[in-house]
Amino acid sequence: MEIIKKDIRALNKEELRDFFVKEGDKAFRGNQVYEWLWNKGAHSFEDMTNISKDTRLMLESNFVINHIQVDQMQKSSDGTIKNAVRLHDGLIVESVLIPTPTRTTACVSSQVGCSLDCKFCATARLKKMRNLNPDEIFDQVVAIDRESKLYFNRPLSNIVFMGMGEPLMNYNNVLKAIDKITSSEGLGMSPKRITVSTSGVPKMIKKMADDEVKFQLAVSLHSAIDEIRTSIMPFNETFPLKDLREALQYWYAKTKNTITYEYVVWEGINDTKKDVEALIQFCKFAPSKVNLIEYNPIDDGDFKQASAQAVEMYRSMLERNHITVTVRRSRGKDIDAACGQLANKR
Ligand code: SF4
């Protein structure tokens, strides 16, 4: 009978230390293995060179390391890299390395597919299969950090949870992954360099505030008018703007952090003065920043990027109202790696 071995990364540090004590070894051995797993990103017991061969074999007979595999890597003409990542059960997600002159950002996935149904998003067409485990999120970051060092001679500097899935619908695992990424025993990254981007789940935004998380929050808003937002993000019917705003007010009261809104302007959908006025009104309760993101059409989609004049109208009206605004060009369009394009298409 085949013995199903446990994934060693499901054990926390204390459990690892206890395991070694039960095996008649020193608890300290658990610290060494923990460091290999979460600081050095080891994917095999063989890599653990300061552990004796016998101990490595003993680990091998008790555990597995269910790690991801970069199945395919595509490079865009602008330097962006998209990884198709195979999980231990054969499912695939995507993550993206976005280089700029001063930073390397990893855009990582939190779910296989997505349970939400934003009309403009390619991922929404994939059925949600499951949540990613903390180690599967962590491994995407390690893979991109290695690629950043290899191709750009610098480590990864920022992480955004903007890949496949709604991170707040997989909150516990996202938090556990961030803990490993930020802790000194893990990758030691500053939480300030991590942004969790949500489509706006009010209850979970409040929970994040209560949990006193240290990373940044971004909200994919796209419209501050309920009727329009519901037509492009149907779950807005369940979580209307007034609930979202109330949750964000709660978040701001607790964290005093600027709120970032991700916003695409589409032709004929949200490109009028009335739309900008609604956005300004929505932003008023807290210091806000609006990222106007260029849209990347998905195949047969009905969504078209608005004209340069409409984007300029947004920019100037927001600035006049003292709202920070950036206009972001999308990257990796030629390999379907840009915002809203992740759909396991290869
Ligand atoms: S935009 Fe985000 S939340 Fe909406 S369907 Fe796509 S992956 Fe899910």
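Parameters at a glance
Residues numbered from 1 in each chain as written. Predicted model: local features only at pLDDT ≥ 70, side-chain atom pairs only at ≥ 80, totals over all residues. Heavy atoms only, no water. Near = heavy atom within 4 Å. Nonpolar A, V, L, I, M, F, W, Y, C, P; charged D, E, K, R; others polar. Pairing = 2+ DSSP bridges. Helix = DSSP H or I, 4+ residues; strand = E, 2+ residues; numbered from the N terminus. Axes fitted to C-alpha atoms, helices over the stretch in contact; angles between N-to-C directions. Contact = heavy atoms within 4.5 Å. Salt bridge = Lys/Arg side-chain N within 4 Å of Asp/Glu carboxyl O. Buried < 20%, exposed > 50% of the residue type's maximum accessible area, 1.4 Å probe, protein only. Phe/Tyr/Trp six-rings, centres within 6.5 Å; stacked < 30°, edge-to-face > 60°. Lys NZ or Arg CZ within 6 Å of the ring centre and 35° of its normal. Core = buried A, V, L, I, M, F, W, Y, C linked by side-chain atoms within 4.5 Å. Polar contact = N/O pair within 3.5 Å; in protein donor to acceptor, adjacent residues only side chain to side chain. Parallel < 35°, antiparallel > 145°, perpendicular 65-115°, else oblique. Left-handed = near helix turned anticlockwise from the far one by under 90°.

Taken together, C114, L116, C118, C121, T123, A124 and G165 make up the full set of residues adjacent to the ligand. A class-by-class count of the residues in the shell around the ligand yields 5 nonpolar, 2 polar and no charged.

Attention shifts here to the sheet that holds strand β9 (residues 158-161). With respect to topology, 10 strands assemble into an open sheet ordered β3-β4-β5-β6-β9-β10-β11-β12-β13-β14, the strand pairing being mixed. Each end of this open sheet is capped by a strand with a single partner; those strands are β3 (69-75) and β14 (324-328). Within this sheet the neighbouring strands show an average axis-to-axis angle of 20°, counted without direction. Sheet topology places strand β11 (residues 216-220) next to strand β12 (residues 259-263); 3 bridges connect them, and they run parallel. Each residue of the ladder has a partner; that of S220, found in β12, is E262. Strands β12, β13 (288-293) and β14 of the sheet are contacted by helix α10 (residues 308-320), whose axis makes an angle of about 160° with β14.

Tallied over the entire structure, the rule returns 19 salt bridges. Across the pair R328 and E262 runs a salt bridge, and its minimum N-O distance is 3.6 Å. Of the two residues, R328 is situated in strand β14 and E262 in strand β12; the sequence distance between them amounts to 66 residues. You can call R328 partly exposed: its relative accessible area is 31%. Two residues, K304 and E267, come together in a salt bridge whose shortest N-O distance is 3.8 Å. Pair noted here: K304 is in the loop between β13 and α10 and E267 is in the loop between β12 and α9 (273-283), with a separation of 37 residues, a long-range link. Through salt bridges that share partners, R9, D135 and D139 make up one connected network.

Glancing now at the packing of aromatic side chains. As enumerated under the stated definition, the model contains 12 aromatic pairs in all. Residues F19 and F20 carry aromatic rings whose centres are separated by 5.5 Å and whose planes lie at 80° to one another, so their mutual orientation is edge-to-face. Each of the two residues, F19 as well as F20, counts as buried. Measuring from centroid to centroid gives 4.9 Å for F120 and W266, while their planes differ by 35°, and the two rings are tilted. Of the two residues, F120 sits in the loop between β7 (111-112) and β8 (130-131) while W266 sits in the loop between β12 and α9, which places them 146 residues apart along the sequence. For W266, a relative accessible area of 0% translates into the label buried. Among the aromatic residues, ring-to-ring pairing joins F120, W266, Y295 and F303 into one connected group. Above the ring of Y151, the side-chain terminus of K75 is found at 3.8 Å from the ring centroid. Over the ring of F282 we find R245; its NZ or CZ atom is 6.0 Å from the centre of that ring.

The biggest cluster of nonpolar side chains holds 87 residues, and the ones touching the most others in it are L248 and Y261. Beyond its immediate sequence surroundings of up to four residues, L248 is in contact with I205, L217, V219, I259, Y261, F282 and F285. Core analysis: the next-biggest nonpolar cluster, separate from the first, contains 15 residues, C114, L116, C121 and F235 among them.

Here we take up the environment of S61. With respect to the element layout, S61 can be found in helix α3 (residues 53-62). On the basis of relative accessibility, which here comes to 51%, the residue S61 falls in the exposed class. S61 sits 107 residues away from L168 along the chain, and the two C-alpha atoms are 36 Å apart. A distance of 2.9 Å separates a polar atom in the side chain of S61 from the backbone oxygen of M58.

Inspection of the secondary structure assignment puts N170 in the loop between β9 and α5 (171-182). A distance of 3.0 Å separates a polar side-chain atom of N170 from the backbone oxygen of L132. Ignoring anything within four residues of it in the chain, the contact list for N170 reads S110, Q111, N131, L132 and I137.

With that out of the way, let us pick up the packing of helix α1 (residues 13-22) against helix α2 (residues 28-38). Where α1 meets α2, the axes come as close as 7 Å, and the angle between the chain directions of the two elements is 135°. By the angle between their axes, α1 is oblique relative to α2. Taken as a pair, α1 and α2 cross one another with a handedness that is right-handed. Where α1 approaches α2, its residues K13, L16, R17 and F20 are matched on the opposing element by F28, R29, G30, N31, V33, Y34 and L37. For the contact of α1 with α2, the residue count by class is 6 nonpolar, 2 polar and 3 charged.

A separate point is the side chain of R29. Tracing the backbone shows R29 in helix α2. Judged by relative accessible area, R29 falls into the buried class, the value being 18%. Beyond its immediate sequence surroundings of up to four residues, R29 is in contact with F20, I51 and T55.

Bringing unusual backbone geometry into the picture now. Look at N153: it is not a glycine, yet its phi comes out positive at around 55°. Structurally, N153 is set in the loop between α4 (134-152) and β9. Phi is positive for K256, close to 60°, though the residue is something other than glycine. Counting through the fold element by element, K256 comes out in the loop between α8 (241-255) and β12.

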